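Per-entry structural report
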Amino acid sequence: MPLPKLTIRGREIATSIVQGGMGVGVSWLDLVVAVIMEGGLGTLSSAAIDRLVYFETGKKMPTREATCWAVKEVKRRTGGGYVGINIMQALVRDYVDSVLGAVDGGVDFIMASAGLHLRLPEIVGNKDVALIPIVSSDRALKIICGRWKSRHNRLPDAVILEGPQSAGGHLGVKIGEIDLEENKLENLFPPIKQYANFLGILVIVAGGLFYHTDILRWHALGADGAQFGTRLLATKESGASPLFKQELVKCGAEGIIVAYPTQNYPGSSSGLPFRVIKSSPAFTHNQWRKNICDKGYIKPKDRDCPAKSDPERHFCICNSLLAAIGYGDGLPLFTTGTNGALIKEISTVARVMKELRGEI
Ligand SMILES: Cc1cc2nc3c(=O)[nH]c(=O)nc-3n(C[C@H](O)[C@H](O)[C@H](O)COP(=O)(O)O)c2cc1C
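Residues numbered from 1 in each chain as written. Predicted model: local features only at pLDDT ≥ 70, side-chain atom pairs only at ≥ 80, totals over all residues.

Focus: the overall build of the protein
Which entries qualify depends on this criterion: Helix and strand definitions here come from DSSP, where helices need a minimum of 4 consecutive H or I residues and strands a minimum of 2 consecutive E residues; each element is numbered from the N-terminal end. In this setup the radius of gyration rests on C-alpha atoms only. A globule is expected at 2.2 Å times the number of residues raised to 0.38. Here a residue counts as buried when 20 or more other C-beta atoms fall within 10 Å of its C-beta, as exposed when 12 or fewer do, and as partly exposed in between; the C-beta atoms come from the backbone. Whether two residues are in contact is decided by their C-beta atoms, placed from the backbone, lying within 7 Å.
Along the backbone of the protein there are 13 helices and 14 strands. Computed over C-alpha atoms, the radius of gyration of the protein comes to 19 Å, within 12% of the 21 Å expected from 2.2 N^0.38 for 360 residues, which places it in the range of a compact globule. The dimensions of the protein, computed from C-alpha atoms along their principal axes, are 50 × 40 × 40 Å. The buried share of the protein, taken over its 360 residues, is 56%. Taking contacts inside the protein between residues at least 6 apart in sequence as the whole, the part at least 24 apart equals 65%.

Printed below as a string of structure tokens:
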């Protein structure tokens, strides 16, 4: 069955398929451009974008300029296609500059994750950009809407509800609550949908979707769009390193775990639970303590990054995620959603999008 279009703030996307932002550098230019050309919503990730642009161009640019360059580059390669960018508030050092640079570049959608982004409308100002918070509860959405409306007379254009089956540090719930019935995407969805409907906000679902039939099922339940991360991870166009893609293809369900710094093994220096492939060198290697942070993307001004102050229990995500796309000499960390176990081969964006559209 053909998928419906998705129109957000007047921008029409040909299919309701959204490619989730994947940092560091996984949803980079080739992947985003390919998704847009296939009629989906393509999303850059702002994480470490100054370095990514340097690797791409050989030019050192500050974050604001680098972000602007990346957005414009996607627009150039897609002939003016609509482009999104995922910006994590937890990347405290570059947060404001990432938003400003994206706006300078003419970004169409800002997907705001890893924090409540209460100041986002103020930073964006009166620019015509769709603001799309990523939340894992109706409570978070209510806080955002309350603050945005009262302080900035603005509401989100859409919301992405991300359940705990997704990847990275955005499982959205505490470590012991990931598998609770109440945290299943199906159970998180109805109150969000009801509240969003009331305010005229579109709802996109994410986390654990894999097949065309998943998209149809979610549309039948009332979702306006479906976001995919893991499904696009092992494509030729993704920025993941060859080793990352190979490990994903062979990991199987038993090869994926949730790492958290309070357990007997290291966890992310962001403090958030991270779903990872167990064989990731940052996780297993007995020298992981050497992977000490010298980048500081998540470092609060007044504190040392935990990868530095408590290296026994924290791996450095700046260096580990850069290594996962083949840069630097850090130990790579491979993050995936639960559906990583379903990936059996390295594919192409064209093929995955065809499958998701239900054409093959
Ligand atoms: C390798 C990888 C990196 C990701 N990085 C980010 C990120 O930097 N910021 C974010 O908000 N979400 C991130 N995500 C989540 C995706 O955007 C998406 O919402 C999620 O993967 C959807 O669940 P799925 O993997 O089951 O399809 C990442 C996902 C993957 C697989």
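Some words on the domain arrangement of the protein
Formally: Marked domain ranges trace back to an automatic or database domain assignment. Ten residue types, Ala, Val, Leu, Ile, Met, Phe, Trp, Tyr, Cys and Pro, are classed as nonpolar, four, Asp, Glu, Lys and Arg, as charged, and the remainder, Gly among them, as polar.
Once the domains are mapped, the protein shows domain 1 (14-240 + 345-357) and domain 2 (242-340). If you average the C-alpha positions of domain 1 and of domain 2, the two centres end up 21 Å apart. Facing the 33 residues of domain 1 at the interface are 29 residues of domain 2. In terms of residue class, the side of domain 1 that touches domain 2 is built from 17 nonpolar, 11 polar and five charged.

Let's talk about the sheet that holds strand E3 (residues 17-19)
The criterion, for reference: By definition, two strands form a pair when at least two bridges between them are found by DSSP. Every axis in this analysis is a line fitted to C-alpha atoms, fitted for helices over the stretch in contact. Angles between the N-to-C directions lie between 0 and 180 degrees.
Strand order across the open sheet formed by eight strands is E3-E10-E9-E8-E7-E6-E5-E4, with parallel pairing between neighbours. At either end of the open sheet lies a strand with only one pairing partner, and these are E3 and strand E4 (42-45). Strand after strand, the sheet turns through a mean of 25 degrees between neighbouring axes, direction not considered. As paired elements, strand E8 (residues 158-162) and strand E9 (residues 202-206) share five bridges and run parallel to each other. When the bridges of E9 are listed, Val159 appears paired with Val203. Its contacts with the sheet place helix H1 (residues 29-37) against E3, E4 and strand E5 (83-88), and it is angled at close to 165 degrees to E4.

Observations concerning the environment of Tyr297
Tracing the backbone through its elements, the reader meets Tyr297 in the loop between helix H10 (281-284) and helix H11 (306-309). Look at Tyr297 and you get buried, because 28 C-beta atoms sit within 10 Å. For Tyr297 and Ala47, which are 250 residues apart along the polypeptide, the C-alpha to C-alpha distance reads 8.0 Å. Setting aside residues up to four positions removed in sequence, Tyr297 forms contacts with Ala47, Ala48, Leu91, Arg93, Asp94 and Cys318.

Comments concerning the site of the ligand
To be explicit about the condition: In this entry, near means the residue's backbone-placed C-beta atom lies within 6 Å of the molecule or strand.
What surrounds the ligand is a group of 31 residues, the closest being Gly20, Gly23, Ser113, Gly229 and Gly337. Those elements that provide at least two residues to the shell around the ligand are E5 and strand E10 (225-228). Counted by class, the shell around the ligand contains 10 nonpolar, 19 polar and two charged residues. When we break the shell around the ligand down by domain, the ones giving at least three residues each are domain 1 (14-240 + 345-357) and domain 2 (242-340).

Describing the environment of Leu243
For Leu243, the location among the structural elements is in helix H9 (residues 242-251). Along the backbone, Leu243 and Pro332 are 89 residues apart, and their C-alpha atoms lie at a distance of 9.3 Å.

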